[in-house]
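Residues per chain, in single letters:
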Amino acid sequence: MDYKITTYSEEETIELAQNFESEKFPNMIICLRGDLGSGKTVFTKGFAQAMGVKEEITSPTFNIIKEYNSGDMPLYHMDVYRLDGKAEELGIEEYFTKDGITIIEWADMIEEYLPEDRLDIKFKHSTEDEDKRIITITPYGYEYEELCEAVL
Ligand SMILES: Nc1ncnc2c1ncn2[C@@H]1O[C@H](COP(=O)(O)OP(=O)(O)O)[C@@H](O)[C@H]1O
Ligand SMILES: [Mg+2]
């Protein structure tokens, strides 16, 4: 089942991320999809802040993976837009079994590597309003279905 949510500001997207953070569990995987500027990094920042991550979250476009250890549990933030087929070289799949939270921007670029159980969040710009985002949330697997029921 898909959940559809509309946010009308960056703050509302941050609030959504905070709500998910409040129900986080080790080894949680969040796959973010959507065009440039649609809100993927905003969501990640909101989630990271709620976890207590002290460092500033910057888009890891060129590093691909950034690890933050100052929060409640490790946060692995990936932006796989420029991965160029190096998923295996970088050991992307190893992160999916680590005890932290993994958030992947542009997850559609590594579709074949994504674990079966995960949370997918798709951001879409609206043509009516510059600050409006239509967000589609799809849980895969029991844990993520429970998560959505608790949060949404
Ligand atoms: N409803 C909204 N949700 C998230 N971001 C929004 C929203 N409305 C406007 N914005 C703006 O859109 C931009 C989203 O940027 P960013 O999160 O870096 O995008 P992405 O990581 O998807 O490329 C930010 O400048 C943010 O202020
Ligand atoms: Mg981004």
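For the structure itself, consult the block above.
Residues numbered from 1 in each chain as written. Chains lettered and ligands numbered in written order. Predicted model: local features only at pLDDT ≥ 70, side-chain atom pairs only at ≥ 80, totals over all residues.

Once that is clear, we can look at the sheet that holds strand S1 (residues 3–7). Sheet architecture is open: 7 strands sit in the order S1-S7-S6-S2-S5-S4-S3, paired in mixed fashion. What marks the edges here is a single partner per strand, and that holds for S1 and strand S3 (65–68). With strand direction ignored, the average angle separating the axes of adjacent strands in the sheet is 20°. Across the sheet, helix H2 (residues 40–51) touches strand S2 (29–33), S3, strand S4 (75–79), strand S5 (101–105) and strand S6 (118–125), and the angle it forms with S5 is around 165°. (Pairing = 2+ DSSP bridges. Helix = DSSP H or I, 4+ residues; strand = E, 2+ residues; numbered from the N terminus. Axes fitted to C-alpha atoms, helices over the stretch in contact; angles between N-to-C directions. Contact = placed C-beta atoms within 7 Å.)

Note that His 77 resides in strand S4. Separated by 20 residues in the primary sequence, His 77 and Ile 57 place their C-alpha atoms 8.7 Å from one another. For His 77, the contacting residues outside a window of four places in its chain are Thr 44, Ile 57, Pro 60, Lys 66, Tyr 68 and Ile 103.

Further remarks concern H2. Here H2 contains 12 residues, and its C-alpha end-to-end distance of 17 Å stays within 8% of the 16 Å for a straight helix at 1.5 Å per residue. Residues Lys 40, Val 42, Phe 43, Thr 44, Lys 45, Gly 46, Phe 47, Ala 48 and Met 51 constitute the buried set of H2. Those residues of H2 that are buried are in contact with helix H1 (10–21), S2, S3, S4, S5 and S6. A positive phi of about 90° marks Gly 52, the residue just after H2. (Expected span 1.5 Å × (residues − 1). Buried ≥ 20, exposed ≤ 12 C-beta atoms within 10 Å, placed from the backbone.)

Time to look at the site of ligand 1. The full set close to ligand 1 counts 17 residues, and Thr 13, Gly 39, Lys 40, Thr 41 and Asp 131 are the nearest of them. Secondary structure elements with two or more residues in the shell around ligand 1: H1 and H2. (Near = placed C-beta within 6 Å.)

Grouped together as the largest cluster of nonpolar side chains are 31 residues, with contacts concentrated most on Ile 30, Leu 32, Leu 119 and Ile 121. When contributions to this core are tallied by element, the ones reaching two or more residues are H1, S2, H2, S4, S5, S6, strand S7 (133–140) and helix H4 (142–151). Top element by residues in this core is H2. It accounts for 5 residues. Excluding residues within four positions of it along the chain, Ile 121 makes contact with Ile 30, Leu 32, Phe 43, Ile 135 and Ile 137. (Core = buried A, V, L, I, M, F, W, Y, C linked by C-beta atoms within 7 Å.)

Attention now moves to the pairing of S7. Side-chain alternation along S7 places Arg 133, Ile 135, Ile 137 and Pro 139 on a buried face and Ile 134, Thr 136, Thr 138 and Tyr 140 on a face that remains uncovered. Here S1 pairs with S7 via 5 bridges, running antiparallel. Across the sheet, residue Lys 4 finds its bridge partner in S7, namely Thr 136. Pairing between S6 and S7: 8 bridges, direction antiparallel. Bridge pairing in S7 places Lys 122 opposite Thr 136.

Everything listed here is a matter of coordinates, which is why it stays silent on function.
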